[in-house]
Amino acid sequence: MRTKLIAGNWKMNLGKAESITLAGEIRQKAPKTTKSQVLLIPSFVHIDAVAQVVSKSHLLLGAQDVYYERSGAFTGEVSPEMLLEIGVSHVLVGHSERRHVIGETDAVLNKKVLAASAEKLVVIYCVGETLEERNAGRAAEVILHQLKTGLANLSHDVIAMGHLVIAYEPVWAIGTGQTATPAHAQETHAFIRARLSEIVSPELAGQIRIQYGGSVKKSNAAELLSQPDVDGLLIGGASLIADEFVAIIQAAEGV
Ligand code: 13P
């Protein structure tokens, strides 16, 4: 049984006071979950403030990115150790906005996956095709390439410890209001799991959680989560509204 992971990616939104308020509301209103883990992913500068709010609660804390070196002359970057020290347990790597807006390469993303997982952070490695790639019938090829390059040389121990999560986020569904249908999400998640079986092993692939992301709302969360290979959600816009996010957490408990 794979524990579902419900994550709110706040992206580059919310000031300090707003971040504290949102985390506080979620802490107060979110049910103590039994079937799922709940993860908040604020912007870097407000992680520490949010850490104080979620301390000693059932809420987990994540970062939206991480660098692959331990320390040194890497202006503007943040190391895995720095994140661990302030209570971060999970990091996003390869979010589509990092790939397509910031321009991170496959080689850089692989280094981040390896460095963060070596420091025992749980890596949420994001994959997904653009609309152009989808229309050209290349979605499967693109996702396979992202899996193979991003996870190259990853130790099987990391996966056995549950420290690798995959997030399928079709770029055409992010922030567009256009969600993948539950059937489409299931089909792609099953494809990802089948490829992971080949890349690692069937046994380990069966343990890896695969989240769906892209215009998830309280109105579509339960149906997405009821798909057998949808093991959680990575939520952008709806995670900025406490009641929406809490309703999604409740939906995960009901599935
Ligand atoms: P939206 O839920 O706003 O579409 O964003 C999805 C996403 O990119 C989460 O990482």
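Residues numbered from 1 in each chain as written. Predicted model: local features only at pLDDT ≥ 70, side-chain atom pairs only at ≥ 80, totals over all residues. Heavy atoms only, no water.

Draft legend 1. Summary view of the overall build of the protein. Counting secondary structure elements, the protein contains 12 helices and 8 strands. In terms of C-alpha radius of gyration, the protein reaches 17 Å, essentially the compact-globule figure of 18 Å for 255 residues. Its C-alpha atoms give the protein principal-axis dimensions of roughly 45 × 45 × 35 Å. Expressed as a percentage of its 255 residues, the buried residues of the protein come to 54%. Considering only residue pairs separated by 6 or more positions, the protein has 72% of its internal contacts joining residues 24 or more positions apart. Roughly 11,000 Å² of accessible area belongs to the protein as shown, and the carbon and sulfur atoms make up 54% of that amount. Within the protein, the 27 negative side-chain charges are centred at a point lying 4 Å from the centre of the 23 positive side-chain charges. (Helix = DSSP H or I, 4+ residues; strand = E, 2+ residues; numbered from the N terminus. Rg over C-alpha atoms; globule rule 2.2 N^0.38 Å. Buried < 20%, exposed > 50% of the residue type's maximum accessible area, 1.4 Å probe, protein only. Contact = heavy atoms within 4.5 Å. Areas by Shrake-Rupley, 256 points an atom, 1.4 Å probe, with all protein chains shown as cover. Lys, Arg positive; Asp, Glu negative; His and termini not counted. Charge placed at Lys NZ, Arg CZ, Asp CG, Glu CD.)

Draft legend 2. Looking closely at the sheet that holds strand E2 (residues 36-41). Read around the closed barrel, the 8 strands follow the order E1-E2-E3-E4-E5-E6-E7-E8; overall the barrel is parallel. Pairs of neighbouring strands in the sheet enclose a mean axial angle of 25 degrees, with direction left out of account. Here E2 runs beside strand E3 (residues 59-63); their pairing, made up of 3 bridges, is parallel. Note on E3: the bridge partner recorded for valine 38 is leucine 59. Sheet contacts for helix H2 (residues 47-54): E2 and E3; angle to E3, the most-contacted strand, approximately 170 degrees. Relative to the sheet, helix H9 (residues 182-199) contacts strand E5 (122-127), strand E6 (164-168) and strand E7 (209-213), its axis offset from that of E7 by approximately 145 degrees. (Pairing = 2+ DSSP bridges. Axes fitted to C-alpha atoms, helices over the stretch in contact; angles between N-to-C directions.)

Draft legend 3. Highlighting unusual backbone geometry. Positive phi, normally seen in glycine, also occurs at leucine 14, with a value near 75 degrees. The residue leucine 14 is located in the loop between strand E1 (4-9) and helix H1 (16-29) in this model. Phi is positive for serine 215, which is not a glycine, with a value near 55 degrees. Assignment of secondary structure puts serine 215 in the loop between E7 and helix H11 (218-225).

Draft legend 4. Here's a closer look at the pattern of salt bridges. Applying the stated rule across the entire model yields 16 salt bridges. Note that glutamate 25 and lysine 29 form a salt bridge whose closest N and O atoms lie 3.3 Å from each other. Here the residue glutamate 25 and the residue lysine 29 both occupy positions in helix H1, the gap between them amounting to 4 residues, near one helical turn. Among the residues examined, glutamate 25 registers a relative accessible area of 29% and is labelled partly exposed. Note that arginine 138 and glutamate 141 form a salt bridge whose closest N and O atoms lie 3.2 Å from each other. (Salt bridge = Lys/Arg side-chain N within 4 Å of Asp/Glu carboxyl O.)

Draft legend 5. Inspection of the site of the ligand at higher detail. Around the ligand sit 13 residues, and of these Lys11, His95, Gly175, Ser215 and Gly237 come closest. Here serine 215 contributes a backbone N or O atom positioned 2.8 Å from an oxygen atom of the ligand. Bound to the protein, the ligand loses 95% of the 310 Å² it would expose on its own. A per-class count over the shell around the ligand returns 4 nonpolar, 7 polar and 2 charged. (Near = heavy atom within 4 Å. Polar contact = N/O pair within 3.5 Å; in protein donor to acceptor, adjacent residues only side chain to side chain. Nonpolar A, V, L, I, M, F, W, Y, C, P; charged D, E, K, R; others polar.)

Draft legend 6. Molecular detail of helix H5 (residues 106-118). The terminal C-alpha atoms of H5, which comprises 13 residues, lie 18 Å apart, in line with the 18 Å expected from a rise of 1.5 Å per residue. Where H5 is concerned, the buried positions are Leu109, Asn110, Lys112, Val113, Ala115, Ala116 and Ser117. Buried positions along H5 lie against helix H3 (80-85), strand E4 (90-93), helix H4 (96-102), E5, helix H7 (139-150) and helix H8 (156-160). The first or second residue beyond H5 is lysine 120, which carries a positive phi of 70 degrees. (Expected span 1.5 Å × (residues − 1).)

Draft legend 7. Here's a closer look at the environment of glycine 94. Along the chain, the position of glycine 94 falls in the loop between E4 and H4. Residue glycine 94 is classed as buried on the basis of its relative accessible area of 2%. For the pair glycine 94 and arginine 193, spaced 99 residues apart in sequence, the C-alpha separation works out to 18 Å. Apart from the residues within four sequence positions on either side, glycine 94 is in contact with Arg99, Leu109 and Cys126.

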